[in-house]
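Overview (structure and organization)
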Amino acid sequence: MSKDFHDQGPRRVGQVKEVTSLANPIIKDIKALTNKKSREESGTFLAEGLKLVIDAIELGWAIRTLVYAKAAKGKPLVEQMAARTVASGGLVLEVSEKVIASITRRDNPQMVVGIFEQRWTPLKSIRLSEGETWVALDRVRDPGNLGTIIRTTDAAGASGIILLGETTDPFSLETVRATMGSVFAVPVARATPEEFIAWRKSAGVSVVATHLAGAVDYRTIDYRKKPVVLLMGNEQSGLPEQLAREADALARIPQQGRADSLNLAVATAVMLFEARRHLLSLAEGK
């Protein structure tokens, strides 16, 4: 990676650069963040759109680089975010539409892109309180599913996501897009199945898992007794026996019709809103 980007960066305080070339090394580094390896090496990721950038900065996420198209120059909110980026030691790039389209891989790109530092919540630090709900996802593969689940977790007022095993990256461009900004509001942890099993034994939680062999109607479960972890299986193979054995309840969502299963994100949404039904009220809605 270029020195500008790799050295904690970029960290040239007070600097604004104009870039028009796709061959610029900083632009090459930013484009590389579409690859998981580059995101892991740099500890950063891309977020598209002024709203997402504002949400992230307001929620205290560390911005490394702000990129905006020339057409967005002079707009008050863009100028405010640029000033805050520079003040925090980040780099601001004013680029051509060709460059920003190349970064986002879109023909009609957003006019603003932010590069932020990734943030993970250590599993051992998670201590659930009364009324809290977390979602544990086993080997979730689809970025759209994961992003939608993060967004739904936020909407339902649940507390966070625990990713188990080899999962899709929550900081991929596709996942971040699907979260619609909720990636900045929902803590995400990651663990092996063994680490999760060890954690749940001392966490004082009720684990409710969805399972094709589940004998319990998800609507009949008491979600009030303890903080709840909803355990959801892989899109293709569901939950492995190792994890299913750890559940306090194996639940099923009753179905009719020819479809034999629900999309993972839809099933998680159904479970989440039922688990939190006693905590949700229109009077308290936004």
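Before reading further, recall that the structure is shown in the block above.
What this report covers is the structure whose coordinates are included nearby. Because the structure is predicted, anything quoted here is derived from the model rather than measured.

1. Overview of the pairing of strand β3 (residues 63-69)
- In terms of burial, β3 is largely enclosed, as 7 of its 7 residues are buried.
- Examined bridge by bridge, β3 and strand β5 (residues 112-117) share 5 bridges and lie antiparallel to one another. Counted as the bridge partner of T65 is I115 from β5.
- For β3 and strand β4 (residues 91-95), the ladder comprises 5 bridges, and the chain directions are parallel. Following the sheet pairing, A69 is matched in β4 by V95.
- Handedness of the crossover is the feature at issue here: the chain leaves β3, passes through helix α5 (residues 76-87), returns alongside β4, and the resulting connection is right-handed.

2. What to know about helix α4 (residues 50-58)
- Among the residues of α4, L52, V53, I54, A56 and I57 are the ones counted as buried.
- Where α4 is buried, its residues touch β2 (44-48), β3, α5, β5 and α8 (173-179).
- Looking one or two residues beyond α4, the residue adopting positive phi is G60, at roughly 90°.

3. As for the packing of α4 against α5
- Remark: α4 packs on α5, axes separated minimally by 11 Å, with the N-to-C direction vectors making an angle of 40°. When the axis of α4 is compared with that of α5, the two are oblique. Here α4 and α5 pass one another in a crossing that is left-handed. Contacts from L50, V53, I54, I57 and E58 in α4 reach L77, V78, M81, R84 and T85 in α5.
- Tallied by class, residues from the contact of α4 with α5 come to 7 nonpolar, 1 polar and 2 charged.

The rules we used
Residues numbered from 1 in each chain as written. Predicted model: local features only at pLDDT ≥ 70, side-chain atom pairs only at ≥ 80, totals over all residues. Heavy atoms only, no water. Buried < 20%, exposed > 50% of the residue type's maximum accessible area, 1.4 Å probe, protein only. Helix = DSSP H or I, 4+ residues; strand = E, 2+ residues; numbered from the N terminus. Pairing = 2+ DSSP bridges. Right-handed = clockwise from strand over helix to strand, strands pointing away. Contact = heavy atoms within 4.5 Å. Axes fitted to C-alpha atoms, helices over the stretch in contact; angles between N-to-C directions. Parallel < 35°, antiparallel > 145°, perpendicular 65-115°, else oblique. Left-handed = near helix turned anticlockwise from the far one by under 90°. Nonpolar A, V, L, I, M, F, W, Y, C, P; charged D, E, K, R; others polar.

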